[in-house]
Protein chains: 2
Amino acid sequence: MSVAVIPFRPVDPKTRLSRLLSQVERETFARAMLADVIGAVRSAGLEPLLLSTCAYDCPGVEVRVEPCGLSDALNNLLPLFEEPVLIIMADLPLVTPDAIRRLTGTTADVAIAPGRGGGTNALYIREPARFHVDYYQCSVQKHLGIARDAGLSVECVDSFRLYLDLDEEEDLVDLLIHGTGRARACLEELGVGLAITRGRVGIERQPPLHGTGTIVRPGGTTGAAGH
Amino acid sequence: MSVAVIPFRPVDPKTRLSRLLSQVERETFARAMLADVIGAVRSAGLEPLLLSTCAYDCPGVEVRVEPCGLSDALNNLLPLFEEPVLIIMADLPLVTPDAIRRLTGTTADVAIAPGRGGGTNALYIREPARFHVDYYQCSVQKHLGIARDAGLSVECVDSFRLYLDLDEEEDLVDLLIHGTGRARACLEELGVGLAITRGRVGIERQPPLHGTGTIVRPGGTTGAAGH
C-alpha cells in the first residue's frame, strides 16, 4: 500500500485566520482539516503518515516528528521509500478520494496538483529516490524543473479541490459552500457562516449558543463577487 | 454542434484591476482572455456565441447584444435552444479543451464548474428549456437548487482551470504561472510579471520597452504564500 505523507503543524497554525479565530480555535480547525485529508487518502487506498513539526498524538496514524523545515524533512524521508509516495498538505479540506485517485492514477512519473499562488498542494512521486522537493516561493515551477532535470514526465492535475488550501478568511467561503466534512462542521460549531451583503459572498461569525468572548464580523469584508 | 454562450462586457471590464491597468489596457486584457476562451471552446468542438452588453465586433464569431442583466439575457436565450448549451464566462484564461470536455462529457442533466467565492464559471445544460439561470450572490448554490427543483441531475466538475476567474490582482499570479495563451502574453506585453519577495509570490509591473505612464508596483503586496 502506498504511503501518503501529510506534513502538519499542530501548534499555532493558520495565523492569517487570527482575526477570526483564537489560537486554540485555529488548532482545533487545523485538526479538523487534517481529519478530512486523512479520511480522503484512506478512502483512496493510501496509508497516511503524519510528518509533524512537534510531538503529536494522532490515534491510528503513524506520526514522525521532524522539527526541521518542510523541504528538508521531506527530502530526508523520500529516499526511504521504495514504493510510490503521495505528499499532500493538511489544509485541503475539500479534497475527495476521487481527486486523490486522479493523482495516483497518473501514467506520468510525477503528478502535481498546484495550489493557489504557485504552491504545490499534492505531489505523487512514482520513484521517490529520483526526486526531491523544494517548497515555498512558487514551488510548482520548481517541482516542474526538478522533474525535467531528472528526466521525469509530469502531469498537472486540474482540481480545485486540491487547489484550494485554507490560508485566508476568504478561503473559508469556499469551504462553507463546497465542504461536507469535519472542517466545515468545525467552522459551523464556531459560529462561522456565509453572509451575502451587497451581492458579495463573505463570512461572518455569530455568537455561538454557549460561550463568551465571540467576535462578530460584518459579512462581505473578506468576500468575493463571483459570477 | 452545441453552442457555447460566452457573456462578455467589452467596455470598462475588470475594474478591480484598475490600480494596475488603465481602462484601455483592461479592455485589451479582457479581449485576450475572451480569445483564450473562444479558442478552447472551439477546440472542444463547440460553436461560440458571444452575448455582449453592447455592440462588439468579434471576427468569425456570432455576437448577440443584450444590454439587460446577465441572468435575464441568458434566460431570454435558453428556451431558443433545442440542443445542449454551454454557458462559460469570458474571464477564464486558464481554460483548456480538456476542462470543457469534462463538462460536455457529463452523464448528468447539468454540469457545473464552480468559481471562487460561490460563482458559477461554466454551466452545461442538456435541455436548456428545463433550466434557468440566476447569477451572482452564491450562484452555484442557486443553480444546484434550480436543478433539484426541476428534477435534474447535476455533476460538479472539479477543475481549477475553470474555477479561476480573473478578478483581483492576486489572480494574475496564477495566470502568469499556468497560462499559455493570449491573456498571459497580453500581461507580459504590458510589463506585468511575477515577483517573489520575502517568500511570497506577487506581481509587479515593469516599465515596458516603449511607452510612458507606466506604474511600478512592488512585488508581494498582492501576493500569496503557497506551500
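Calculation rules
Residues numbered from 1 in each chain as written. Chains lettered and ligands numbered in written order. Predicted model: local features only at pLDDT ≥ 70, side-chain atom pairs only at ≥ 80, totals over all residues. Heavy atoms only, no water. Helix = DSSP H or I, 4+ residues; strand = E, 2+ residues; numbered from the N terminus. Buried < 20%, exposed > 50% of the residue type's maximum accessible area, 1.4 Å probe, protein only. Phe/Tyr/Trp six-rings, centres within 6.5 Å; stacked < 30°, edge-to-face > 60°. Polar contact = N/O pair within 3.5 Å; in protein donor to acceptor, adjacent residues only side chain to side chain. Contact = heavy atoms within 4.5 Å. Pairing = 2+ DSSP bridges. Axes fitted to C-alpha atoms, helices over the stretch in contact; angles between N-to-C directions. Buried area = accessible area lost by both parts, 1.4 Å probe. Salt bridge = Lys/Arg side-chain N within 4 Å of Asp/Glu carboxyl O. Nonpolar A, V, L, I, M, F, W, Y, C, P; charged D, E, K, R; others polar. Domains from an automatic or database assignment.

### Thoughts on unusual backbone geometry
All names here are of chain A.
Working step 1: You will see that Asp 12, though not glycine, has its phi angle at about 50 degrees, which is positive.
Working step 2: For Asp 12, the position within the fold is in the loop between strand E1 (3-8) and helix H1 (23-43).
Working step 3: On the basis of relative accessibility, which here comes to 23%, the residue Asp 12 falls in the partly exposed class.
Working step 4: For Gln 137, which is not glycine, the phi dihedral falls at a positive 55 degrees.
Working step 5: On the basis of relative accessible area, Gln 137 is assigned to the partly exposed category, the value being 37%.

### Side note on the packing of aromatic side chains
Working step 1: Inspection of every chain in the model, using the stated rule, returns five aromatic pairs over all chains.
Working step 2: Seen from their ring centres, Tyr 163 of chain A and Phe 160 of chain B are 5.0 Å apart, and the 5 degrees between their planes marks the pair as stacked. Of this pair, Tyr 163 of chain A sits in helix H5 (residues 160-163) while Phe 160 of chain B sits in helix H5 (residues 160-163), on two different chains. Exposure class is identical for Tyr 163 of chain A and Phe 160 of chain B. Each is buried.
Working step 3: When the centroid spacing of 5.7 Å and the interplanar angle of 75 degrees are considered together, the rings of Tyr 163 of chain A and Tyr 163 of chain B count as edge-to-face. Linking Tyr 163 of chain A in helix H5 with Tyr 163 of chain B in helix H5, this pair reaches from one chain into another.
Working step 4: You can call Tyr 163 of chain A buried: its relative accessible area is 0%.
Working step 5: The rings of Phe 160 and Tyr 163 of chain A together with Phe 160 and Tyr 163 of chain B are connected pair by pair, giving a single aromatic cluster.

### Here's the deal with the side chain of Asp 91 of chain A
Working step 1: Topologically, Asp 91 of chain A is positioned in the loop between strand E4 (85-88) and helix H3 (97-104).
Working step 2: Looking at Asp 91 of chain A, the relative accessible area reads 4%, which means it is buried.
Working step 3: Looking at Asp 91 of chain A, its side chain comes within polar contact range of the side chain of Lys 14 of chain A, at 2.6 Å.
Working step 4: Filtering out sequence-adjacent residues up to four positions away, Asp 91 of chain A remains in contact with Lys 14, Met 33, Leu 164, Asp 165, Leu 166 and Asp 167 of chain A together with His 227 of chain B.

### Things to note about the sheet that holds strand E5 (residues 110-114) of chain B
Residues and elements named next belong to chain B.
Working step 1: Spatially, E3-E2-E1-E4-E6-E5-E7 is the arrangement adopted by the seven strands of the open sheet, whose pairing is mixed. At either end of the open sheet lies a strand with only one pairing partner, and these are strand E3 (62-65) and strand E7 (154-156). On average, adjacent strands in this sheet sit at an angle of 20 degrees to one another, irrespective of strand direction.
Working step 2: In the sheet, strand E1 (residues 3-8) pairs with strand E4 (residues 85-88) via three bridges, with the strands oriented parallel. Each bridged residue has a counterpart across the sheet, and for Ala 4 the counterpart in E4 is Leu 86.

### Looking at the interface of chain A and chain B
Working step 1: In this assembly, 44 residues from chain A lie in contact with 44 residues from chain B.
Working step 2: When chain A packs against chain B, the two sides together hide about 3,600 Å² of surface, and 52% of this comes from carbon and sulfur.
Working step 3: By the criterion of area lost to chain B, the three top residues of chain A are Arg 116, Asp 158 and His 227 of chain A, representing 25% of everything that side buries.
Working step 4: In this assembly, chain A and chain B are joined by six salt bridges.
Working step 5: With a shortest N-O distance of 3.8 Å, Arg 116 of chain A and Glu 170 of chain B are connected by a salt bridge.
Working step 6: Where chain A meets chain B, there are 20 residue pairs in polar contact (both at pLDDT 80 or more).
Working step 7: Put simply, the parts of the chain that give the side of chain A that touches chain B at least two residues each are H3, strand E5 (110-115), strand E6 (119-125), helix H4 (139-149), H5, helix H6 (169-178), strand E8 (192-197) and strand E9 (200-205) of chain A.
Working step 8: Broken down by element, the side of chain A that touches chain B gets its largest block of residues, six residues, from H6 of chain A.
Working step 9: Looking at the side of chain A that touches chain B, its residues break down into 18 nonpolar, 14 polar and 12 charged.

### Focus on the domain arrangement of chain A
Residue and element names in this part refer to chain A.
Working step 1: Assigned domains of chain A: these are domain 1 (3-163) and domain 2 (171-225).
Working step 2: The C-alpha-based centres of domain 1 and domain 2 are spaced at 26 Å.
Working step 3: Between domain 1 and domain 2, the residue contacts involve 15 residues of the former and 17 residues of the latter.
Working step 4: Where domain 1 abuts domain 2, roughly 1,400 Å² becomes buried across the two surfaces, and 73% of that area is made up of carbon and sulfur atoms.
Working step 5: If you sort the residues of domain 1 by the area they bury against domain 2, Arg 19, Leu 20 and Phe 29 come out on top, with a joint share of 40%.
Working step 6: Where domain 1 meets domain 2, there are one salt bridge.
Working step 7: One salt bridge in this structure joins Glu 25 and Arg 205, with 2.8 Å as the shortest N-O distance.
Working step 8: The interface formed by domain 1 and domain 2 holds four residue pairs in polar contact (both at pLDDT 80 or more) in total.

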